[in-house]
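Listed below are the residues making up each chain.
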Amino acid sequence: MKYVDEFRNFKIARDIAGAISSHARGLGGVNFMEVCGTHTMAVERFGIRRMLPRDINLISGPGCPVCVTPKDYIDRAIGLAGIKDVTVASFGDMLKVPGSDSTLAQERGKGKVRVVYSVLDAMDFAAKNPDKKIVFLGIGFETTVPTVAASMELARKRKIRNFFVYSGHKVMPPAMDLLARDKRINIQGFLCPAHVSAVIGTGPYAGISKKYKIPCVISGFEPLDILQSILMLVKQLKSGRSEVENQYARVVRRSGNRKALALMSRVFSEGDSEWRGMGIIPKSGLSVNKAYSDLDAGKVFRLPRVITRPDKGCVCGEVLKGIKTPRDCRLFGKSCTPENPRGACMVSGEGACAAYYRYRK
Amino acid sequence: MKKITLSHGSGGRLTHELIRELFLKNFGNPSLDKLGDSAFIDMAGKKLAYTTDSFVVRPIFFPGGDIGRLAVSGTVNDLCVSGARPRYLSCAMIVEEGFGYDELRKITVSIKSACEQAGVDVVTGDFKVVEKGGADKIFINTSGVGEVYKNADLSMDRIRPGDKIILSGTAGDHAASILLAREDLKFRARIFSDCAPLNGLVSSVMCRGIKFMRDPTRGGLATTLNEISAALGRDIFIEEASIPVRSSVRALCEILGFDPLYMANEGKVVAIVSPESAMGVLNKMKKHPLGRSCGIIGEVTGDKGGGVYMKTRIGGARILDMLTGEQLPRIC
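Residues numbered from 1 in each chain as written. Chains lettered and ligands numbered in written order. Predicted model: local features only at pLDDT ≥ 70, side-chain atom pairs only at ≥ 80, totals over all residues. Heavy atoms only, no water.

Moving on: the packing of helix 7 (residues 145-157) of chain A against helix 12 (residues 258-267) of chain A. Residues and elements named next belong to chain A. In the contact formed by helix 7 and helix 12, the axes pass within 9 Å of each other and the chain directions differ by 60 degrees. Considered as vectors, helix 7 and helix 12 are oriented oblique to each other. You can see that helix 7 and helix 12 cross each other, and the crossing is left-handed. Only A260, L263, M264, R266 and V267 of helix 12 make contact with helix 7, whose side of the interface consists of V145, P146, A149, A150, M152 and E153. Of the residues assigned to the contact of helix 7 with helix 12, the class counts are nine nonpolar, no polar and two charged. (Axes fitted to C-alpha atoms, helices over the stretch in contact; angles between N-to-C directions. Helix = DSSP H or I, 4+ residues; strand = E, 2+ residues; numbered from the N terminus. Parallel < 35°, antiparallel > 145°, perpendicular 65-115°, else oblique. Left-handed = near helix turned anticlockwise from the far one by under 90°. Contact = heavy atoms within 4.5 Å. Nonpolar A, V, L, I, M, F, W, Y, C, P; charged D, E, K, R; others polar.)

Structure below.
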């Protein structure tokens, strides 16, 4: 397959892995965090850990949108599905995330939850079913936000009045800042997300690399991208640099995607937001602007009051921060499995626990 | 309250648990307990294989087949991989009120042509209509009886370390075709289901060197290999680079975050073959139209663990676990 196979070349992978080993000599143990869930998945799926020297420890970061969505968001989404005429439309991975008492998957049995592949599918479904009110669950980082914003502008243009968005959107740099500050994690290098960076550009990481002296490399998602980015991090450490480098230059521009950024700021504004297990992070969430409040499910519907119960024994928060590995959790693989997830990291295929469970056990 | 979810029917771990907890506990008997693709029964001195399967596919017509062709192939293939020559089928249909007469005719004609291809006859059947909403258009159940081949000696007990694992063709075609047809994804490529009766292919390669066969349907190749390794109590080692996957299927999977190794096939067979017979089986298989892209994808190892391990395309290694729940499209 063109543009994919080239980035999975066996010989080049072996060569880069060899270069990493020789450059890492003398560095001692180092912690690199791959921020994005798609990186975590690729690392596990291609068995990349086994190609690295033991001294390089890859920590899975909080970049799985499903995993960081707080429980009360799920509880409210389930509540929304309970309102007359409302159908909740969501990406598939959200369905199994446990709320306090139920999951969206269980509610799907009642016909009030619909899986969609894109936000436009949800909008089209609304257009075809004017008697229903379609609430799209807006989950995801800067990668998905522009498409959701675009659909809201489009819905207005097409005068679709039964399409709404319940925003749980988040932005990545504030969370990375929080993690960089945490001495317990001791991150010595960030593999920065690929597609988030395609939207926001390289600028937002400059502060992190400067303030905390942590090298940052924006990395593509293919195995050779990841290996090369690890090599770039190792070389920065070796030469005492801490800069933002862009390995994924075939997609990511320095200034990002200006059109997408403008679209985002027309529809959403930054605000404080709760991340599952990490608490409230200032300016890390996106809420719908006043100008679009007629499309904002949070404003249009009386959101059900929910009493959210904390997860007992679940250490997703620490796993998301990289302080603990899934294996440190006493629920992991016992009462928490992909069939019956207790914590969000086990739900999404990109969650650290699910990736561990599936590929390493 | 515990409820049945779609994951219970996905062929993965939850399905297996449910079968054990409900069906084996209540129906358990020596034929059923083996949980083979077919049951073996001795009748009038003849060894017969007997199996059944229900078909609830949506959409009912898809590129490369339809629910009728699938209903014949599915049951025929379960008999084939049990080492039997399929002979007789039953066919029962449950149709929703309001279903098109012409569509039903089309499905019936398709059943007829699949039966001709497989050399089987529908010898008994049933037809029911339920109220609108009582079923999704049409459900079909078929069961089949076949005679066990004289030169077949299929038994897991004969599998030894070093035995080769042969896959008869590309992985994931059927599920990819259904996914494209079902979700109306705007893909320019057409992906055809591999849905086909396998009796021709299987009879052309059947020999004593073949120790075990299974058709990797629901849950795909990965699930089938896990079932085999768990039952054997031995590890299986495969190489990603040697598993044929159509580029269109791979592209679709890359975009949606699916893994073709977990996607259903309806015209493929996995065979475990002694090292001495492997090349012979492979050569014969390649000559059959349904086996052209077959290959050896791995082998049974001497390690006792019951897991499936895969050398990845780039030279890493990982566990290939059983499918857990449904594969769901991801967010980003």
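Having seen the model, we can carry on.
A word on the pairing of strand 9 (residues 210-214) of chain B. All names here are of chain B. Strand 9 sits mainly inside the fold: five of its five residues count as buried. One ladder, built from four bridges, connects strand 9 with strand 11 (residues 270-273); its direction is antiparallel. The residue of strand 11 that forms the bridge with M213 is A271. (Buried < 20%, exposed > 50% of the residue type's maximum accessible area, 1.4 Å probe, protein only. Pairing = 2+ DSSP bridges.)

A few words on unusual backbone geometry. Of all residues except glycine, most have a negative phi; of all peptide bonds, most are trans. Of the consecutive residues R58 of chain B and P59 of chain B, the connecting peptide bond is found in the cis state with omega at 0 degrees. Unlike most non-glycine residues, K283 of chain A shows phi in positive territory, near 55 degrees. Residue classification places K283 of chain A among the exposed positions, given a relative accessible area of 55%. Notably, L35 of chain B is not glycine yet its phi reads approximately 50 degrees, a positive angle.

For the rest of this paragraph, the subject is the side chain of T75 of chain B. All names here are of chain B. Inspection of the secondary structure puts T75 in helix 3 (residues 67-80). Look at T75 and you get buried, because its relative accessible area is 0%. With residues up to four places along the chain from it excluded, the contact list for T75 reads T51, D53, F55, L89, T142, S143 and G144.

Residues and elements named next belong to chain B. Along the chain, V300 turns up in strand 12 (residues 295-300). Owing to a relative accessible area of 0%, V300 belongs among the buried residues under this scheme. Apart from the residues lying within four places of it in its own chain, the contact partners of V300 are I159, R160, P161, G162, D163, I165, L232, R234, D235 and I272.

Residues and elements named next belong to chain B. Its location among the elements puts C195 in the loop between helix 5 (173-183) and helix 6 (199-205). C-alpha separation for the pair C195 and F61, spaced 134 residues apart in sequence, amounts to 12 Å. If we ignore the near neighbours within four places in the chain, the residues touching C195 are G64, R69, L70, S73 and E266.

Counted by the stated rule, this structure contains six aromatic pairs over all chains. The residue whose ring lies beneath R250 of chain A is F7 of chain A, and the NZ or CZ to ring-centre distance is 3.7 Å. (Phe/Tyr/Trp six-rings, centres within 6.5 Å; stacked < 30°, edge-to-face > 60°. Lys NZ or Arg CZ within 6 Å of the ring centre and 35° of its normal.)

On to the domain arrangement of chain A, then. Residues and elements named next belong to chain A. Domain boundaries in chain A define domain 1 (5-65 + 172-246), domain 2 (67-170 + 285-300) and domain 3 (316-356). The centre of domain 1, based on its C-alpha atoms, is set 21 Å off from the matching centre of domain 3. At the interface, 15 residues of domain 1 touch twelve residues of domain 3. For the pair domain 1 and domain 3, the summed buried surface comes to about 1,100 Å²; carbon and sulfur atoms form 64% of the total. Connecting domain 1 to domain 3 are zero salt bridges. (Domains from an automatic or database assignment. Buried area = accessible area lost by both parts, 1.4 Å probe. Salt bridge = Lys/Arg side-chain N within 4 Å of Asp/Glu carboxyl O.)

Each pocket or cavity is described by its volume, and for the second largest pocket that value is around 1,200 Å³. Along the wall of the second largest pocket there are 38 residues; nearest its centre are T103, Q106, E339 and N340 of chain A together with T5 of chain B. Elements with a minimum of two residues in the lining of the second largest pocket: helix 5 (104-108) of chain A together with helix 1 (13-27) of chain B. Looking at which element gives the most residues to the lining of the second largest pocket, the answer is helix 1 of chain B, with five residues. Considered class by class, the residues forming the lining of the second largest pocket number twelve nonpolar, eleven polar and 15 charged. Composition of the lining of the second largest pocket by domain shows at least three residues from each of domain 2 (67-170 + 285-300) and domain 3 (316-356) of chain A. (1 Å grid on protein atoms, 1.4 Å probe; cavity = no way out; pocket = protein on both sides within 12 Å on 5 of 7 lines; lining within 4 Å. Points joined across faces, edges and corners; volume = space filled by probe spheres on them.)

In this model helix 3 of chain B runs 20 Å from its N-terminal to its C-terminal C-alpha over 14 residues, within 8% of the 20 Å that 1.5 Å per residue would give. Among the 14 residues of helix 3 of chain B, 14 are classified as buried, and the element is accordingly described as predominantly covered. (Expected span 1.5 Å × (residues − 1).)

Okay, helix 11 (residues 223-238) of chain A next. Residue and element names in this part refer to chain A. Here helix 11 contains 16 residues, and its C-alpha end-to-end distance of 23 Å stays within 8% of the 22 Å for a straight helix at 1.5 Å per residue. In terms of residue burial, helix 11 counts as a mostly covered element, since twelve of its 16 residues are buried. Listing the buried residues of helix 11 in full gives P223, L224, D225, I226, L227, S229, I230, L231, M232, L233, V234 and Q236. Two residues or fewer after helix 11 comes G240, characterised by a positive phi angle close to 70 degrees.

As a further point, take a nonpolar patch on the surface. Residue and element names in this part refer to chain B. On the surface, L22, F23, F27, L32 and L35 cluster together into a nonpolar patch covering about 440 Å² of accessible area. A total of three residues in the nonpolar patch trace back to one element, the largest contributor, which is helix 1. Position of F27 among the secondary structure elements: in helix 1. (Patch = residues over 30% accessible without salt bridge, like charges linked within 9 Å, V, L, I, M, F, W, Y side chains within 5 Å. Areas by Shrake-Rupley, 256 points an atom, 1.4 Å probe, with all protein chains shown as cover.)

Taken together, the contact between chain A and chain B spans 37 residues of the former and 28 residues of the latter. Taking both partners together, chain A and chain B bury about 3,300 Å²; carbon and sulfur atoms supply 60% of that area. The three residues of chain A that bury the most area against chain B are M1, Y117 and E339 of chain A, which together make up 22% of that side's buried surface. Where chain A meets chain B, there are three salt bridges. One salt bridge connects E254 of chain B with R8 of chain A, and the closest N-O pair in it is separated by 2.9 Å. Across the chain A-chain B interface, the total number found is five residue pairs in polar contact (both at pLDDT 80 or more). For the side of chain A that touches chain B, the elements supplying multiple residues, two or more each, are helix 1 (10-24), helix 2 (37-45), helix 3 (65-68), helix 11 and helix 15 (352-359) of chain A. Class assignment of the residues belonging to the side of chain A that touches chain B gives a composition of 19 nonpolar, four polar and 14 charged. (Polar contact = N/O pair within 3.5 Å; in protein donor to acceptor, adjacent residues only side chain to side chain.)

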